[in-house]
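# An overview of the molecular structure
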Amino acid sequence: MKSFFSKGPIVAILLLAIFVVSEAQQCRPSGRIRGRKPPPGQCNQEDDSDCCKAGKMYPTYTCSPPMSGNTKAYLTLNSFEAGGDGGGPSECDGQYHDDNTPVVALSTGWYNGGSRCLKNIRINGNGQSVVAMVVDECDSTEGCDADHDYQPPCPNNIVDASKAVWKALGVSEDNWGGLDITWSDA
């Protein structure tokens, strides 16, 4: 009977292949940017949005975690209305959207250069489910400037949602802001 170890080269190649695939599936920071203090009145903190802090280093990402049937993510609250904390008009259509409409922005990797623009996703959280349209990117590559309302770059696992999404998920208003969810293309 041959020993398991006599197949050493085959086992080593197999283990190396598994390691390479698992490494490729991880999303690591692609860089960092240094925070700048926003000019007075230039960082809208509606919905408890953070403002960049001078000198603080923020990670940036060009990727998001791999997609699955139910991808784990973190739901945040965003206003897509003119004057809201979302900043300028949505990337997908150049429009603002009413907060009573179920719309979302996805982290850069999931936004995928706009390939999900104006398409629906299904969000599961708080024992409920809702369908929302992707209208914007939650930029994980840049931030702390006027274009990004002096807010830090988005983490790589964000689904940034309108108030309508939070309402549909049945989350009480005093708990709006952050929720572990899963999502998928609808």
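The residue numbers shown here count from 1 along each chain, following its written sequence. It should be noted that, the model being predicted, local features are given only for residues of pLDDT at least 70 and side-chain atom pairs only at 80 or more, the latter also being counted only at that level, while totals for whole chains, interfaces and linings use all residues. Excluding hydrogens and water, the side-chain figures rest on all heavy atoms present in the structure.

Counted only if it meets this: UniProt positions are given in the numbering used here, feature names are shortened, and annotations may be inferred rather than shown by experiment.
Going by an unreviewed UniProt entry, the chain carries the name Putative rlpA-like protein, double-psi beta-barrel and comes from Rosa chinensis. In its Sequence similarities (unreviewed entry) section, UniProt records this for the chain: "Belongs to the kiwellin family." Taken from UniProt, the Subcellular location (unreviewed entry) comment for the chain reads in full: "Secreted".

### Notes on unusual backbone geometry
Stated precisely, the cut-off is as follows: A helix here means a DSSP run of H or I that spans at least four residues, while a strand means a run of E at least two residues long, and both kinds are numbered starting from the N terminus.
The phi torsion at Cys144 lies on the positive side, around 60 degrees, for a residue other than glycine. Along the chain, the position of Cys144 falls in the loop between β6 (128–138) and β7 (158–161). One non-glycine residue, Asp149, lies in the positive phi region at around 55 degrees. Structurally, the position occupied by Asp149 is in the loop between β6 and β7.

### What about the pattern of salt bridges?
This is how it is decided: One side-chain nitrogen of Lys or Arg within 4 Å of one carboxyl oxygen of Asp or Glu is enough to make a salt bridge. For every residue, the accessible area (1.4 Å probe, protein chains only) is compared with the maximum for its type, and the residue is labelled buried under 20%, exposed over 50%, or partly exposed between those bounds.
This structure, assessed with the given rule, holds one salt bridge. A salt bridge links Asp185 to Arg116; its shortest N-O distance comes to 2.8 Å. Taken together, the positions of Asp185 in strand β8 (residues 178–185) and Arg116 in the loop between α2 (108–111) and β5 (120–125) put the pair 69 residues apart, joining distant regions of the chain. For Asp185, a relative accessible area of 45% puts it in the partly exposed group.

### Things to note about the nonpolar core
Stated precisely, the cut-off is as follows: Put simply, a nonpolar core is a bunch of buried Ala, Val, Leu, Ile, Met, Phe, Trp, Tyr and Cys residues held in one set by side-chain atoms that sit within 4.5 Å of each other. By definition in these notes, contact holds between two residues if any of their heavy atoms fall within 4.5 Å.
Counting residues in hydrophobic clusters, the biggest one holds 24 residues, and the most contacted among them are Leu75, Val104, Leu106, Ile123, Val159 and Val165. Where this core is concerned, the elements lending two or more residues are β3 (71–77), β4 (103–107), α2, β5, β6, β7, α3 (163–168) and β8. Beyond its immediate sequence surroundings of up to four residues, Leu75 is in contact with Val159, Ala161, Val165, Trp166, Leu169, Gly177, Gly178, Leu179 and Ile181. Of all hydrophobic cores here, the second largest spans seven residues; its members include Val103, Ala105, Val135 and Cys154.

### Considering the sheet that holds β3
To be explicit about the condition: Criterion used throughout: strands pair if DSSP finds at least two bridges between them. Fitted lines through C-alpha atoms give the axes, limited to the stretch in contact for helices. The angle between two N-to-C directions lies from 0 to 180 degrees.
The six strands are arranged β3-β7-β4-β6-β5-β8 in a closed barrel whose pairing can be described as mixed. On average, each strand axis in the sheet is inclined to that of its neighbour by 45 degrees, with strand direction left out of account.

### Things to note about empty space enclosed by the protein
The test is simple: With a 1 Å grid spanning the protein atoms alone, the term cavity applies to any set of points in which a 1.4 Å probe fits but cannot get out, the term pocket to an open set with protein on both sides within 12 Å along at least five of seven lines, and the term lining residue to any residue with an atom within 4 Å of a point. Grid points are joined across faces, edges and corners, and a volume is the space filled by probe spheres set on the points. Residue polarity follows a fixed list, in which Ala, Val, Leu, Ile, Met, Phe, Trp, Tyr, Cys and Pro are nonpolar, Asp, Glu, Lys and Arg are charged, and the others, Gly among them, are polar.
Applying the stated rule across the entire model yields one cavity of 30 Å³ or more. In this structure, the largest cavity spans a volume of roughly 40 Å³. For the largest cavity, the full set of lining residues is Asn78, Ser79, Phe80, Glu81, Gly86, Gly87, Gly88, Pro89, Ser90, Tyr96 and Asp136. When its residues are assigned to classes, the lining of the largest cavity shows three nonpolar, six polar and two charged.

### Some thoughts on the environment of Thr101
Structurally, Thr101 is set in the loop between β3 and β4. Classification of Thr101 by relative accessible area gives partly exposed; the value is 33%. Note: C-alpha distance between Thr101 and Phe80 (21 residues apart in sequence) is 9.3 Å. Excluding anything up to four places from it in sequence, Thr101 contacts Ser162 and Ala164.

### Concerning the packing of aromatic side chains
What counts here: Side-chain rings of Phe, Tyr and Trp, where Trp is taken by its six-membered ring, are said to pair if the distance between their centres is within 6.5 Å; with planes under 30 degrees apart they count as stacked, over 60 as edge-to-face, and otherwise as tilted.
One pass over the structure, following the stated rule, counts one aromatic pair. For the pair Trp110 and Trp183, a centre-to-centre distance of 5.3 Å together with 70 degrees between the ring planes defines the contact as edge-to-face. Of this pair, Trp110 sits in helix α2 while Trp183 is found in strand β8, placing the two residues 73 residues apart along the sequence. On the basis of relative accessible area, Trp183 is assigned to the buried category, the value being 0%.

### What about the layout of surface pockets?
Volume-wise, the largest pocket comes out at about 900 Å³. Residue lining of the largest pocket: 35 residues in total, with Cys138, Gln151, Pro152, Cys154 and Asp160 positioned closest to the centre. Listed by contribution, the elements that provide at least two residues to the lining of the largest pocket are β2 (57–60), β3, β6 and β7. Looking at the lining of the largest pocket residue by residue, the class counts come to 14 nonpolar, nine polar and 12 charged.

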